[in-house]
Amino acid sequence: MTLVLGIESSCDETGAAVIEDGRHIRSNVVATQIDLHRQYGGVFPEMASRQHMLTITPVIEQGLSDAGVGYDDLDAIAVTHGPGLAGSLLVGVNAAKAIAFARDIPLVGVNHLEGHIYANWLIPTNLEPGKEPPAEPEFPLLTLIVSGGHTELVLVTDHGTYRLLGRTIDDAAGEAFDKVGRLLGLEYPGGPAIERSARVGNPEAFELPRAWMKDTYDFSFSGLKTAVLRVVQEFDQKARQTSLVQRNRLVSTQTTTIVRDVPVANLAASFQTAVVDVLVEKTRLAATEHNVKMVLLAGGVAANTHLREEMMRRLDVPVRVPPVALCTDNGAIIGAAGHYRYMAGERAGWDLDVIANLPLPVMDG
Ligand code: KG4
Ligand code: ZN
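Participant: Could you clarify how one ought to interpret helix α11 (residues 331-343) in this entry?
Facilitator: For an α-helix, 3.6 residues make a turn, and residues three or four places apart therefore share a direction. When the terminal C-alpha atoms of α11 are compared, their 18 Å separation across 13 residues agrees well with the 18 Å that a helix rising 1.5 Å per residue should span. Where α11 is concerned, the buried positions are Gly 331, Ala 332, Ile 333, Ile 334, Gly 335, Ala 336, Ala 337, Gly 338, His 339, Tyr 340, Arg 341 and Tyr 342. For α11, the side-chain oxygen to backbone nitrogen distance between the N-cap and Ala 332 is 2.9 Å, and the N-cap itself is Asn 330. Looking one or two residues beyond α11, the residue adopting positive phi is Gly 345, at roughly 90°.

Below, the structure written as structure tokens:
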């Protein structure tokens, strides 16, 4: 049995988990900072790193105690060293180094994006009793990484062997959700808020553009975001005119407050459908062209129910999605990815550094 402690602190979640043999979650503790950053409408980097400093030790201790293990039971410590916010990454990396050094435990540096992919190796903890756990994903496979900072379509032919087929040329899918959420006056983070709002909206209410980026597997979401902005501005303009007309008629007791009259649910649903449409269609084409055995969804946006359902409905190959709780940042996914790197003989030195824009280690061509 191999036990790996996975540590994550790349953005606004502090996570620690103990993973057995790369697939079994013995514990998974996450301290999220979402409430802290909500007042700023996005992640405030300086506050994120300070908060990681406060939570990292209790989160790691809780992770070990939930798993019923001590430092001496660990075979390795895996930690995210990029991509992410440098100040946040430093907290996890330094904590991991300190424990590894003090207890003489092998250290493994993990790419955060690889962690998201390996969420699909983890066995869900809520499996019905008696139900067989899913088998390991089979290569070659295609993975769509959709997170707050990334949108990448990657062909995976073996553990750690990646070929980049396409990526976003501007906003990441999650970033688009977050920006449009803000435009619509929804709370941060925009992804889950748009999904909730879209449930009562009509996805055909607005005809929004899809950037097909013909003959490539690349994505672009900034035009879609601008299209939503235009619609919002038109509604605001109308509201302003109405309030002016009323002011002219009612002379005195007027306030200049403009009542926003944007059909939020319909816009949210139309936007979500436009994003999902492109993500699913490109993935479908790439899965067919490369004849893959399965498709894995990865990253925070993979929590989106419409994306999960459409991917399963429109693709001919099996589609695997991690449980929602494992789509967003946590230590378990880092422990899983770290396990396979550790088994392949990888070890990080004390010079392991944080790399804010660390890319997935893809092959050329
Ligand atoms: O992977 P993640 O936790 O952090 C990064 O590594 O970026 O992803 C966070 C992103 C945010 O942009 C958030 O709005 C988005 O994932 N997200 C969602 C949903 N849940 C989280 N987007 C759409 N639908 C959701 N249900
Ligand atoms: Zn992430």
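Past the structure itself, the notes keep going.
Participant: How should I be thinking about the domain arrangement of the protein chain in this particular structure?
Facilitator: For interface size, the figure often reported is the accessible area lost on association. Per the domain assignment, the segments making up the protein chain are domain 1 (3-126 + 325-363) and domain 2 (141-321). Every contact between the two is made by 24 residues of domain 1 and, on the other side, 26 residues of domain 2. At the boundary of domain 1 with domain 2, total buried surface from both sides reaches about 2,100 Å², with 65% on carbon and sulfur atoms. Its largest share of buried area at the contact with domain 2, domain 1 owes to Asn 120, Cys 327 and Met 363, together 29% of the area lost on that side.

Participant: How do you make sense of the site of ligand 1 when you look at a structure like this?
Facilitator: What surrounds ligand 1 is a group of 19 residues, the closest being His 116, Gly 148, Asp 178, Glu 195 and Gly 300. Residue His 112 places a side-chain N or O atom 3.1 Å away from an oxygen atom belonging to ligand 1. One of the side-chain N or O atoms of Asp 178 is found 2.7 Å from an oxygen atom in ligand 1. Coverage of ligand 1 by the protein amounts to 88% of the 550 Å² it exposes when considered alone. More than half of the atoms belonging to ligand 1 lie within 2 Å of the grid points that define the largest pocket.

Participant: How should I be thinking about the sheet that holds strand β11 (residues 362-363) in this particular structure?
Facilitator: Pairing between the strands of a sheet is mediated by backbone hydrogen bonds and can be parallel or antiparallel. Ordered in space as β10-β9-β6-β7-β8-β11, the 6 strands form an open sheet in which the pairing is mixed. On the outer flanks of this sheet lie β10 (319-320) and β11, each paired with one strand and no other. Pairing of strand β6 (residues 141-146) with strand β9 (residues 294-298), which is carried by 5 bridges, proceeds in the parallel orientation. Considered in β9, the bridge of Thr 143 is made with Leu 296.

Participant: What am I meant to see in the pattern of salt bridges here?
Facilitator: Where charged atoms of side chains with opposite charge meet at close range, the side chains can pair. Scanning all chains against the criterion turns up 18 salt bridges. Across the salt bridge formed by Arg 50 and Glu 46, the nearest N and O atoms sit 3.1 Å from each other. Remark: Glu 46 and Arg 50 occur in helix α2 (residues 45-67); sequence separation between them is 4 residues, near one turn of the helix. One salt bridge connects Lys 179 with Glu 175, and the closest N-O pair in it is separated by 3.3 Å. Taken together, the positions of Lys 179 and Glu 175, both in helix α5 (residues 173-183) and 4 residues apart, correspond to about one turn of that helix. Among the residues examined, Lys 179 registers a relative accessible area of 27% and is labelled partly exposed. Judged by relative accessible area, Glu 175 falls into the partly exposed class, the value being 26%. Via salt bridges that share partners, Arg 210, Asp 277, Glu 281, Arg 284, Glu 310, Arg 313 and Arg 314 belong to a single interconnected network.

Participant: Explain the packing of aromatic side chains to me, please; I cannot follow it from the model alone.
Facilitator: What characterises a pair of aromatic rings is the spacing of the ring centres plus the angle enclosed by the ring planes. The full count for this structure, using the stated rule, is 9 aromatic pairs. Where Phe 177 meets Phe 271, the ring centres are 5.2 Å apart and the plane angle is 80°; that geometry is what we call edge-to-face. Separated by 94 residues along the polypeptide, Phe 177 in helix α5 and Phe 271 in helix α8 (residues 264-289) bring together distant segments of the chain. With respect to class, Phe 177 is no different from Phe 271; both count as buried. Taken together, the aromatic side chains of Tyr 118, Trp 121, Phe 139 and Tyr 340 make up a single cluster linked through ring pairs. Above the plane of the ring of Phe 235 lies Lys 238, whose end atom (NZ or CZ) is 4.9 Å from the centre.

Rules behind the numbers
Residues numbered from 1 in each chain as written. Chains lettered and ligands numbered in written order. Predicted model: local features only at pLDDT ≥ 70, side-chain atom pairs only at ≥ 80, totals over all residues. Heavy atoms only, no water. Helix = DSSP H or I, 4+ residues; strand = E, 2+ residues; numbered from the N terminus. Expected span 1.5 Å × (residues − 1). Buried < 20%, exposed > 50% of the residue type's maximum accessible area, 1.4 Å probe, protein only. Polar contact = N/O pair within 3.5 Å; in protein donor to acceptor, adjacent residues only side chain to side chain. Domains from an automatic or database assignment. Contact = heavy atoms within 4.5 Å. Buried area = accessible area lost by both parts, 1.4 Å probe. Near = heavy atom within 4 Å. Areas by Shrake-Rupley, 256 points an atom, 1.4 Å probe, with all protein chains shown as cover. 1 Å grid on protein atoms, 1.4 Å probe; cavity = no way out; pocket = protein on both sides within 12 Å on 5 of 7 lines; lining within 4 Å. Sits in = over half its atoms within 2 Å of the grid points. Pairing = 2+ DSSP bridges. Salt bridge = Lys/Arg side-chain N within 4 Å of Asp/Glu carboxyl O. Phe/Tyr/Trp six-rings, centres within 6.5 Å; stacked < 30°, edge-to-face > 60°. Lys NZ or Arg CZ within 6 Å of the ring centre and 35° of its normal.

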